[in-house]
Amino acid sequence: MRAAVVWSAGGAFDVVELSQRAPGPREVVVRIRAAGICHTDVSLAHGAFGQGFPVVLGHEGAGEVTAIGDQVAHVAIGDRVLLTWVPACGGCYHCVRGETYICARRRRAGDTGAPADLTTVDGEPVIAGMGTATFAEQVVVPVEGVLPLPDDLPFEESALLGCAVPTGLGAAINAANVRPGETVLVIGCGAVGLSAIQGARIAGAARIVGVDPQTRRRELAVTLGADAAVAPDENPGASDGFVGFDVVIDAVGHGSTIRSAWDSARRGGRIVVVGAGGADDPVTFTALELFHDEKTIRGSFYGSSHMTHDLPRMIELWRGGRLRLRELIDDVVTLDGIAAAADRQSTGDALRIVVTP
Ligand SMILES: [Zn+2]
Ligand SMILES: [Zn+2]
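Computed from a predicted model, the values in this text were never measured in an experiment.

Draft legend 1. Inspection of the overall build of the chain at higher detail. For the chain, the count of helices and strands is nine helices and 18 strands. Relative to its length of 357 residues, the chain is compact, with a C-alpha radius of gyration of 20 Å against a globular reference of 21 Å. Put simply, the chain has 357 residues, and 51% of those count as buried. Within the chain, residue pairs in contact and separated by at least 24 positions form 71% of the contacts whose partners lie at least 6 positions apart.

What follows is the structure, given as structure tokens:
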């Protein structure tokens, strides 16, 4: 089985032959047909979030089931499935309260992945990153980590439903709970921010503004439903009597953009932080403004998406032409093209490149 290994922090993606263990009783083997390169993969390849090495990264993938454990009932060999990097256990403190997206038992970024899912041909353990490791020809995952896909949704578009789209769409719909007639500002127009813009449009926002330094991304923001898109140094809400946005979604995750999100929300407004930020990046608020401005700020992990419920909803929105996926894909490359594709992703040149192992 071929896979793209990162041997050490900051190293390139190196496509090599690996061995993979057989599935356990409640696991399935998935032949990966499409895997998106998420910005988080680029961060993890540089050692962010405590990632260990060597590792096979990738957490946005779709494919076909090729083998199942003997206790697996809800998928069969040949089924098309989406991988989720939050295989909800269904029984932890959070899952029983409906917060499956923060399941306490999911495997985290940086986990060493025991028992060894992958090894080199010489027997050296290789970490299956985020428990998904989709930059590979096949993966072994728990049955909770796969969700059924219909035949009419192409694998390349499907892959995006594993991370970027539920994260952005969910930030607007699940976390911000955008209501008809509200004004929404989305900071950062990458694949997550553009999905948040689509979510705000679907939820009935009256005015949506995107913020991004790149002209191309601003143009795409307007194509996908923003009423306007501005550069970070431009005023997003210049009109007489404008009091600030009802909802601001930060899809960047920097202290500075989160502070900007706070400042752009109206008094009593809601701020959702969905960008994956750093542990060494503080955000400062005064005690007075937290009290006086009566704003609500909340985080949103994986778009606060309950995937078994939200995936069919996303597929119906795509079928109805209301959720656009193809526009988010810049390019499709083979596994051998992953190193160059990851470079394009890290410079912000690409929105989403999909690998077809
Ligand atoms: Zn991701
Ligand atoms: Zn759980």
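Picking up after the structure, the text goes on.
Draft legend 2. Representation of the sheet that holds strand 15 (residues 265-273). In space, the six strands of this open sheet follow the order 13-12-11-14-15-16, with parallel pairing throughout. Of all strands in the sheet, those bounded by a partner on one side alone are strand 13 (228-230) and strand 16 (296-299). Between one strand and the next, the sheet's axes are offset by a mean angle of 15 degrees, whatever the strand orientation.

Draft legend 3. Structural detail: the environment of Gly255. Summarising the element assignment, Gly255 is placed in helix 6 (residues 255-264). Separated by 25 residues in the primary sequence, Gly255 and Asp280 have C-alpha atoms spaced 9.5 Å apart. Contact partners of Gly255, with chain neighbours within four places excluded, come to Asp281, Pro282 and Val283.

Draft legend 4. Local environment of the sheet that holds strand 1 (residues 2-6). Taken in spatial order, the five strands close into a barrel running 1-2-7-8-4, and their pairing is mixed. Two elements, strand 2 (residues 14-20) and strand 7 (residues 118-120), share three bridges in a ladder whose sense is antiparallel. Residue pairing in the sheet places Leu18 in a bridge with Thr120 of strand 7.

Draft legend 5. Representation of the environment of Ile249 within the structure. Positionally, Ile249 belongs in strand 14 (residues 245-250). Placed 77 residues apart in sequence, Ile249 and Arg326 show a C-alpha to C-alpha distance of 23 Å.

Draft legend 6. Geometry of unusual backbone geometry. With omega at -5 degrees, the peptide bond leading from Phe53 into Pro54 counts as cis. As for its position among the elements, Pro54 is in the loop between helix 1 (39-45) and strand 4 (55-56). Not every positive phi belongs to a glycine, and Glu294 is a case in point at roughly 50 degrees.

Draft legend 7. Examining the domain arrangement of the chain more closely. Domain boundaries assigned for the chain yield domain 1 (2-161 + 325-356) and domain 2 (168-300). Relative placement of domain 1 and domain 2: their C-alpha centres are 29 Å apart. Each partner contributes residues to the interface: domain 1 has eight residues there, and domain 2 has eight residues. Here the side of domain 1 that touches domain 2 is composed, by residue class, of three nonpolar, three polar and two charged.

Draft legend 8. Representation of the packing of helix 3 (residues 164-175) against helix 8 (residues 307-319) within the structure. Running from N to C, helix 3 and helix 8 point in directions that differ by 95 degrees, and their axes come no closer than 11 Å. One finds that helix 3 runs roughly perpendicular with respect to helix 8. Where helix 3 abuts helix 8, its residues Val165, Pro166, Leu169 and Gly170 lie against Met307, Asp310 and Met314. Split into classes, the residues belonging to the contact of helix 3 with helix 8 amount to five nonpolar, one polar and one charged.

Criteria and cut-off values
Residues numbered from 1 in each chain as written. Chains lettered and ligands numbered in written order. Predicted model: local features only at pLDDT ≥ 70, side-chain atom pairs only at ≥ 80, totals over all residues. Helix = DSSP H or I, 4+ residues; strand = E, 2+ residues; numbered from the N terminus. Rg over C-alpha atoms; globule rule 2.2 N^0.38 Å. Buried ≥ 20, exposed ≤ 12 C-beta atoms within 10 Å, placed from the backbone. Contact = placed C-beta atoms within 7 Å. Pairing = 2+ DSSP bridges. Axes fitted to C-alpha atoms, helices over the stretch in contact; angles between N-to-C directions. Domains from an automatic or database assignment. Nonpolar A, V, L, I, M, F, W, Y, C, P; charged D, E, K, R; others polar. Parallel < 35°, antiparallel > 145°, perpendicular 65-115°, else oblique.

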